[in-house]
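# A closer look at the structure
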Amino acid sequence: MAELEADLEHVIPSSVPPFWAKLVVGLVSLVCFARSYDGEFVFDDSEAIVNNKDLRAETPLGDLWHHDFWGSRLSSNTSHKSYRPLTVLTFRINYYLSGGFHPVSFHVVNILLHAGISVLMVDVFSVLFGGLQYTSKGRRLNLAPRSSLLAALLFAVHPVHTECVAGVVGRADLLGALFFLLSFLGYCRAFRESNKEGTHSTFWVLLSILLGAVAMLCKEQGITVLGLNAVFDILVIGKLNVLEIVQKVLHKDKSLEYIGVLRNGGLLFRMTLLAVGGAGVLYVRWKIMGTGPPPFTEVDNPASFADSVVVRAINYNYYYSLNAWLLLCPWWLCFDWSMGCIPLIKSAGDWRVIALAALWFCLIGLICQALCSADSHRRRILTLGLGFLVIPFLPASNLFFRVGFVVAERVLYLPSAGYCMLLTLGCGALGKHTRRKKLIAALVLGILFINTLRCIIRSGEWRSEEQLFRSALSVCPLNAKVHYNVGKNLADNGNQTAAIRYYREAVRLNPKYVHAMNNLGNILKERNELQEAEELLSLAVQIQPDFAAAWMNLGIVQNSLKRFEAAEHSYRTAIRHRRKYPDCYYNLGRLYADLNRHVDALNAWRNATVLKPEHSLAWNNMIILLDNTGNLAQAEAVGREALELIPNDHSLMFSLANVLGKSQKYKKGTSQPAMASDDQGSKHAAVLLLTPLEESEALFLKAIKAHPNTASYHGNLAVLYHRWGHLDLAKKHYEISLQLDPTAPGTKENYSLLRRKLEQMQKKDV
């Protein structure tokens, strides 16, 4: 350890006290990602946060333990099976404290979490580089201040962390990493609390296992800390020399002295605790998740669907090499690496096989050094560095189960700590074997500066979906999802022409991309290109027969083409695949209304409002249909029911005002006092009831206050005043309506009638 510290003297000239080292690391980490603090909710944030009902107060807290990360029930066939209730709980607290979906508070928490983890890394690297040796007073020796500071700085400024920090859903990785590190440090504390060398505190071992379980409830890979603890225990506490053991086995040496280390040091007992604890936690996790695996598709992870075992193995190893490259050169970063971004390697003649060879050449070299180096300290650091690099990555490796991605920068958050250890060791080795020490120092400072700059730039790209999606076009031009997301963002911003171009490219790159077909079909429908829209949507439901949204949109197109039977079949099919589909019931009601099947239309709209009580369009259509068919009393009852549920909806006010304006239930201008008693019957109060015309006027005025530039609101209020005999007010609102919409024919005719009436009245007065 002292030798490595001396080798790094040219990079960090003086030994920095722990407090100042942590302060520097924390400040640098804040500088790297502070730019993302005012970013939007982007990409997966929409589903995991904005559309996640588990964040809202009306959802019981107990539901978090039965739902996945996205708010779906774990028992559902469509569940992603990502079980992270503690992360969702922090989102819910964020939502409560900030008073809604305000992204700033969510981003600030992520930035602070990364800063805290980076500071914690100083202590972790200090243990990994310096070991666990204590004085008689319990103070740890060999703090490795230079190497731990350099490794922590490299970790704090690594650009591959941007997705975890700048993307709010990356909090799962941040929280998982936080409790991962706390579990590791807690395990180390078990040996500080013991009085004799080789003994331990069982309490801290058990607490470490508990913290590992907490890490897993934040992100699945958190449980791998138990594996790292085991490796650390074997190498640092047990001081086992793996190479020596292998040599004894190969030479059939009957000496079993190394077994005595296991017995005397309590290593077997600790390994048993870790194994039993880990197995128990995984069993509970498996029972909660259910026995079925997540429903991933071929586009998510094409290599895992390859028929040949050889093809799968080659491509998995190629994915590992890409992850290694992202750690070495994190310049080409992308929010998504699926859907053709990385084509499959199908033959040994593919030049990309060179990347596999390079990866294993480096790994084998490092493993040989970790086993065969004459320097025991070097062996230990290499082994721990490789352990920190590989063990947290295992859940994403496809070795134990299929994962839903090809490459994901977020899963490199913890493994990057192992890379930073190895890089720090490499910097020390370079400093030892070269005389150009200033050049090595400049190289290290250059890496830190360039990575910091890249973090700042990449954080800016994560501030909005437009910048994020467009940044991926140059990195993954073959990724259909990138083109789809760019198109969706353009469509949301009203640029349909450009959106069509990107949607078409997405479908060209992936001819089975049903979501791109659905969105493209929607735009073509709005542009009245109905034939092509029908072809696209028909193809989408043919590829994915249970795609409810595509069935509904196909029904809308068929309705526009006057193919009513086909439209009804499409709507019914959508509802069969998604029973709770209020928008589909609404569209089905519109179809029935067009066919004059009024009872069926009312039933469909009623179903929509039962499933979604705030469905304003369904309520409005019920009121209008009942009004048009002369059922004014029923229309009034429905309107009042709707306004109780959605009291500030101006369109409902307008519709109910129209109904009341036509009502003749009371004589014009009459009002009646009514006696109302409280619960005790001791007091009485008189309440003045408004006539329908007065109530209609109040509703019209309220609707106009909410939307003063809607011509129809002023026009219908003018009609009410016209009927009521308030001719001056009628004239005023007719004129406002015509100013807002000069082409409104009904208003022009009514205004002409009013003017003729006013002229006649003037002549009579004369």
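The rules behind the values
Residues numbered from 1 in each chain as written. Predicted model: local features only at pLDDT ≥ 70, side-chain atom pairs only at ≥ 80, totals over all residues. Heavy atoms only, no water. UniProt positions renumbered as here; feature names shortened; annotations may be inferred. Patch = residues over 30% accessible without salt bridge, like charges linked within 9 Å, V, L, I, M, F, W, Y side chains within 5 Å. Areas by Shrake-Rupley, 256 points an atom, 1.4 Å probe, with all protein chains shown as cover. Salt bridge = Lys/Arg side-chain N within 4 Å of Asp/Glu carboxyl O. Helix = DSSP H or I, 4+ residues; strand = E, 2+ residues; numbered from the N terminus. Disulfide = S-S within 2.5 Å. Buried < 20%, exposed > 50% of the residue type's maximum accessible area, 1.4 Å probe, protein only. 1 Å grid on protein atoms, 1.4 Å probe; cavity = no way out; pocket = protein on both sides within 12 Å on 5 of 7 lines; lining within 4 Å. Points joined across faces, edges and corners; volume = space filled by probe spheres on them. Nonpolar A, V, L, I, M, F, W, Y, C, P; charged D, E, K, R; others polar. Phe/Tyr/Trp six-rings, centres within 6.5 Å; stacked < 30°, edge-to-face > 60°. Polar contact = N/O pair within 3.5 Å; in protein donor to acceptor, adjacent residues only side chain to side chain. Contact = heavy atoms within 4.5 Å. Domains from an automatic or database assignment. Buried area = accessible area lost by both parts, 1.4 Å probe.

Looking up the chain in an unreviewed UniProt entry gives the name dolichyl-phosphate-mannose--protein mannosyltransferase, with the organism given as Myotis davidii. A UniProt comment under Pathway (unreviewed entry) is attached to the chain, and it reads "Protein modification; protein glycosylation." UniProt's Sequence similarities (unreviewed entry) comment on the chain is quoted here verbatim: "Belongs to the TMTC family."

## A few points about a nonpolar patch on the surface
A cluster of nonpolar side chains, W325, L328, W331, W332, F449, I450, L453 and I457, forms an exposed patch at the surface whose accessible area comes to about 860 Å². Elements with a minimum of two residues in the nonpolar patch: α14 (309–328) and α18 (437–461). Top contributing element to the nonpolar patch by residue count: α18, with four residues.

## Comments concerning the state of the cysteines
Per the counting criterion, the structure on display carries one disulfide. For C341, the disulfide goes to C476, at an S-S distance of 1.9 Å. The disulfide joining C341 to C476 has a torsion of about -45° about its S-S bond and is therefore left-handed. One end of the pair, C341, is in the loop between α14 and α15 (353–372); the other, C476, is in the loop between α19 (465–473) and α20 (480–492), and 135 residues separate them in sequence. For the pair formed by C341 and C476, the shared burial category is buried. For the unlinked cysteine C372, the closest cysteine sulfur is that of C368, found at 5.6 Å. C372 sits in the exposed class, given a relative accessible area of 51%. For C455, which is in no disulfide, the shortest distance to another cysteine sulfur is to C32 and amounts to 4.3 Å.

## Quick look at the layout of surface pockets
Taken as a whole, the second largest pocket encloses approximately 1500 Å³ of empty space. Every residue lining the second largest pocket is counted, 49 residues in all, and those nearest its centre are Y320, S321, A324, W325 and L359. Counting residues per element, the ones that place at least two in the lining of the second largest pocket are α14, α15, α16 (376–390) and α17 (415–433). For the lining of the second largest pocket, the class distribution of residues is 42 nonpolar, five polar and two charged.

## Some points on empty space enclosed by the protein
Evaluation of the coordinates by the stated rule reveals three cavities of 30 Å³ or more. Each pocket or cavity is described by its volume, and for the largest cavity that value is around 50 Å³. In terms of lining residues, the largest cavity is bounded by Y319, Y320, N323, F393, A396, S397, N398, F405 and V406. Looking at the lining of the largest cavity residue by residue, the classes come out as six nonpolar, three polar and no charged.

## Observations concerning the packing of aromatic side chains
What the rule picks out here adds up to 19 aromatic pairs. When the ring of F43 is compared with that of F469, the centres are 6.3 Å apart and the planes differ by 80°; the resulting orientation is edge-to-face. In this pair, F43 is assigned in the loop between α2 (18–33) and α3 (45–50) and F469 in helix α19, connecting sequence segments 426 residues apart. When sorted by exposure, F43 lands in the same class as F469, which is buried. On the basis of an interplanar angle of 50° and a centroid distance of 5.1 Å, the ring pair of F335 and F469 is categorised as tilted. Taken as a pair, F335 in the loop between α14 and α15 and F469 in helix α19 lie far apart in primary sequence, 134 residues in all. For the residue pair F335 and F469, the accessibility class agrees, reading buried in each case.

## What about the side chain of S304?
Mapped onto the elements of the fold, S304 is located in the loop between α13 (267–289) and α14. Reaching out from S304, the side chain makes a polar contact with the side chain of R402 at a distance of 3.0 Å. Residues within four places of S304 in sequence aside, it is in contact with R312, Y316 and R402.

## As for the domain arrangement of the chain
Here the domain parsing of the chain yields domain 1 (1–289), domain 2 (302–433) and domain 3 (708–763). Between the C-alpha centres of domain 1 and domain 2 there is a distance of 20 Å. Taken together, the contact between domain 1 and domain 2 spans 45 residues of the former and 38 residues of the latter. Sorting the residues of domain 1 by area buried against domain 2 places V160, E163 and Q221 first, and these three jointly supply 16% of that buried surface. In this structure, the connection of domain 1 to domain 2 is made through one salt bridge. Salt-bridge contacts for R410 lead to E163; the nearest nitrogen and oxygen are separated by 3.1 Å.

## Some details on unusual backbone geometry
A negative phi angle is the norm for most residues apart from glycine, just as the trans form is the norm for most peptide bonds. Despite not being glycine, F43 has its phi angle at roughly 55°, a positive value. One non-glycine residue, N398, lies in the positive phi region at around 70°.

## Overview of the pattern of salt bridges
Applying the stated criterion across every chain yields a total of 20 salt bridges. Measuring nitrogen to oxygen at the nearest pair gives 3.5 Å for the salt bridge that ties R285 to E220. One end of the pair, R285, is in helix α13; the other, E220, is in the loop between α9 (202–218) and α10 (225–237), and 65 residues separate them in sequence. The exposure class assigned to R285 is buried, which follows from its relative accessible area of 10%. The partner of R458 in a salt bridge is E461, and the shortest N-O contact between them spans 2.7 Å. One end of the pair, R458, and the other, E461, are both in helix α18, three residues apart, so they sit about a helical turn from each other. With relative accessibility at 18%, the residue E461 sits in the buried group. What emerges from the salt-bridge pattern is a single network uniting R84, E220 and R285.

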